[in-house]
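# A structural walkthrough
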Amino acid sequence: MLVEGVAVLAGFEQSAISLRRGDEFEVVAGAGEGVVENIVGRRLPHHVVEGELSKADHWDAWRFVPHDRVGDEVLEYSHVPEAGELDAPDAWHPLDLLTAPVYDDEGVLRGLLSVDGPRDGRRPGADQLALLQKYAGLARTSVLLALEREDLSRRVRMADEARQIVRRALGEPTLDQVLAACRSAVTECFGAVGMWLTAFDEDGGNTTAWYAVGTDAEPVFSEIDDVVLHLAHRYWADQYVAHFSRGRAAQPGLPPADADRLLTFLEGIGLGSVLFVPMGAGPQCLGFLALSRVSDTPAWSDLEKEAALDIGRDLGHAVANARALDAERSLVEELRRLEGYRVSMVNTLAHELRSPLFSISANLELVESEQLGEDDQRCIAAAVRGTTRMRSVVDDLLTMAAIADPQREFVPEQVDLRQVLLEVAEECDPAAQARSQHYRLDVPDAPVVVAGRPEELHRMFANLSSNAVKYSDDGGDIVVRLVEAEGEVRISVADSGLGISEEDQERLFQEFFRSTNPDARSRPGTGLGLAIVERIVRRHSGQIVIESTLGVGTTMTVVLPRVVVEDDPAAEEPAPEEQRVTAPAS
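In short, a report on the structure. (Residues numbered from 1 in each chain as written. Predicted model: local features only at pLDDT ≥ 70, side-chain atom pairs only at ≥ 80, totals over all residues. Heavy atoms only, no water.)

### Observations regarding the environment of M158
Relative to the helices and strands, M158 is located in helix α5 (residues 126-169). For the pair M158 and E188, spaced 30 residues apart in sequence, the C-alpha to C-alpha distance is 8.5 Å. Beyond its immediate chain neighbours, meaning those up to four positions away, M158 contacts E188 and C189. (Helix = DSSP H or I, 4+ residues; strand = E, 2+ residues; numbered from the N terminus. Contact = heavy atoms within 4.5 Å.)

### Topic: the side chain of R293
You can see R293 is positioned in strand β12 (residues 284-293). In this structure the side chain of R293 is engaged in a polar contact, spanning 3.0 Å, whose partner is the side chain of E304. The contact partners of R293, leaving out residues within four places of it in the chain, are F190, G191, A192, V193, L271, G272, S273, P298, A299, W300 and E304. (Polar contact = N/O pair within 3.5 Å; in protein donor to acceptor, adjacent residues only side chain to side chain.)

### So, helix α15 (residues 529-539)
Among the 11 residues of α15, 10 are classified as buried, and the element is accordingly described as predominantly covered. Positive phi shows up at S541, right after α15, with a value of about 55 degrees. (Buried < 20%, exposed > 50% of the residue type's maximum accessible area, 1.4 Å probe, protein only.)

### A short note on the nonpolar core
Counting residues in each nonpolar core, the largest one holds 41 residues, and the members touching the most others are L417, Y439, F461, L464 and I491. Sorting the residues of this core by element identifies α11 (417-434), β14 (438-443), α12 (454-470), β16 (477-485), β17 (488-495), α15, β18 (543-549) and β19 (553-561) as the ones contributing at least two each. One finds V241, A307, L315 and V319 within the second-largest nonpolar core, a separate group that totals 36 residues. (Core = buried A, V, L, I, M, F, W, Y, C linked by side-chain atoms within 4.5 Å.)

### With respect to the packing of α11 against α12
Packing of α11 against α12 leaves a shortest axis separation of 9 Å and a crossing angle of 35 degrees. Every pair of crossing elements has a handedness; the one defined by α11 and α12 is right-handed. Residue-level inspection shows L417, V420, L421, E423, V424, E427, C428, A431 and A432 of α11 in contact with α12, the latter providing L457, H458, F461, A462, S465, S466 and V469. A class-by-class count of the residues in the contact of α11 with α12 yields 11 nonpolar, three polar and two charged. (Axes fitted to C-alpha atoms, helices over the stretch in contact; angles between N-to-C directions. Left-handed = near helix turned anticlockwise from the far one by under 90°. Nonpolar A, V, L, I, M, F, W, Y, C, P; charged D, E, K, R; others polar.)

### Thoughts on the packing of aromatic side chains
With the rule as written, the count across this model stands at 11 aromatic pairs. Arranged with centres 5.3 Å apart and planes meeting at 50 degrees, the rings of W210 and F221 form a pair that is tilted. With W210 in strand β9 (residues 206-212) and F221 in the loop between β9 and α7 (225-238), the pair connects residues that are 11 residues apart, well separated along the chain. By relative accessible area, which is 17% here, W210 ends up buried. The interplanar angle of 70 degrees and the centroid separation of 5.0 Å between the aromatic rings of Y235 and Y240 together place this pair among those described as edge-to-face. Between R293 and the ring centre of W300, over which it is positioned, the NZ or CZ distance is 3.5 Å. (Phe/Tyr/Trp six-rings, centres within 6.5 Å; stacked < 30°, edge-to-face > 60°. Lys NZ or Arg CZ within 6 Å of the ring centre and 35° of its normal.)

### Overview of the sheet that holds strand β4 (residues 57-59)
Overall, antiparallel pairing links the seven strands, which are arranged β3-β2-β1-β7-β6-β5-β4 in an open sheet. With one partner strand each, in any of the chains shown, β3 (43-45) and β4 form the two edges of the open sheet. Strand-to-strand twist of the sheet, defined as the mean angle between neighbouring strand axes without regard to direction, takes the value 30 degrees. Strands β1 (12-21), β2 (24-31) and β7 (109-118) of the sheet are contacted by helix α1 (residues 2-9), whose axis makes an angle of about 150 degrees with β1. (Pairing = 2+ DSSP bridges.)

### Notes on the pairing of strand β11 (residues 273-281)
Where burial is concerned, most of β11 is hidden: nine out of the nine residues are buried. Every second residue of β11 is oriented toward a common face, with S273, L275, V277, M279 and A281 on one face and V274, F276, P278 and G280 on the other, all of them buried. Pairing analysis gives nine bridges linking β11 to β12, with the strands arranged antiparallel. When the bridges of β12 are listed, P278 appears paired with F288. Once β11 ends, the chain turns through two residues before running back antiparallel as β12, passing G282 with a positive phi of about 65 degrees.

### Here we look at the sheet that holds β9
Across the sheet, five strands lie side by side as β9-β8-β12-β11-β10; this open sheet has antiparallel pairing. Both edges of this open sheet fall to β9 and β10 (242-245), since each of them pairs with a single strand only. Geometrically, the sheet is characterised by an average inter-axis angle of 20 degrees between neighbouring strands, direction not taken into account. As defined by bridge partners, β10 adjoins β11 across four bridges and the pair is classed as antiparallel. When the bridges of β11 are listed, S245 appears paired with S273. Packing against the sheet, helix α6 (residues 175-189) makes contact with β8 (194-200), β9 and β12, and its axis sits at approximately 150 degrees to β8.

Structure, rendered in structure tokens:
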């Protein structure tokens, strides 16, 4: 609108506006025949423009360069209209140049309003110049407003990009990795040359990470720690971002002497401006972030301060997360150490018990071979039962120690659960038959594969099956069923035995726990069998579910992740019902 207005109302055939883009001026709008097609989008080097303005005549806000002073270089970027020249002293020459430079408040040349081809063929008179003067004022307002909006839009975009980059980086596991993932992008988005971050330690100390474009040399920040550390706490409480430079030395809570020390330090490392951003989470200040520039131009905008404070909040959460992770690692390491100690102690105790138990058992066998009276035989039998139970306890302790050992690597392999359950059934069926129980195994006809340790899976299902036999009455039913589902395998061991109360179910997998049911307590056991089962299930990324009713029976269901075996059609989908086999273990 501006270029069309100045062309029509001021009496010129052509007009154009150029905006400064770094070291060039780009023609962004034009009016008149051939202007849009030929010069809009064209770029003129800054030095060419400055060179022409230096030899121009000053007509108030306008600069006039007669054709005989116009340099050849500027003609390369110009559009010269085809027009006749009047034979008059004030005739307009086709190569004459008339432009109104637009300067900002700091005297920096930001744009140009140019006109060409006066309709009357003459250089502007007094009235025409007065009108052009008004358009020069409009041009200044329009150009600076357009550039301000453009700069604001760029800063909004860059600040938003910086926030998004930091938030994506928060997924990194440590604060150092968070900074490494975002530091170069953040400095670029803010137009900074470097940044440093100081995080407060829980013990009252602090750690600092530094990044600067083009150098790895880290300044000695401890020289100004006493100046800035207390400011972080104050500024976090106030949610205030400080701009430190010679022109903005006065900041809340910063005495003049400390301000001078800080600025002298910054100048010593080649910095003229710093944006000081407190970091924290909730009410707690956890450190600060400082973004640096070589000079105070451009100044930090309110938008950049707001974006930087958002980043300070995000990085504060990163510091809090890093603290929590460090605490968790320390706790896990301590628990691992304690577990290792416990495993070592249990192993030592179990091995120490094995030797005397072997000696006792051997001597009891010798005594049993002698001719003894009835009372003596009962005593020997009780001693044999006791040593047998002690051997079971020792074996279970060693199994528990092996499974719980934090140093023991878990290396899974493909295991056919169907084969494991068949082997377990062969072991448990004789005990079931001795009590007239019905032990049934219901498994698919094809292999069912999971990832795990075969010896541990065998022990787990052996414990569940033997428990079902032990806690079922004579003539009871035990059914072991293997079912494939989408992505998982379900193995249930159901009995028609004593059942388990709800109170006992809550403690069932604790080590050495025995049921409060007197009938169950009367049956031999170590209290470790189900604890072993639960740990094996966890090691295999599974879960165990209990369904039980007192006096009715119990169903223990183990759910494990399924492994799909390539080129095995049976592994792709569960076997149809008619392909499943239900067979007694015997």
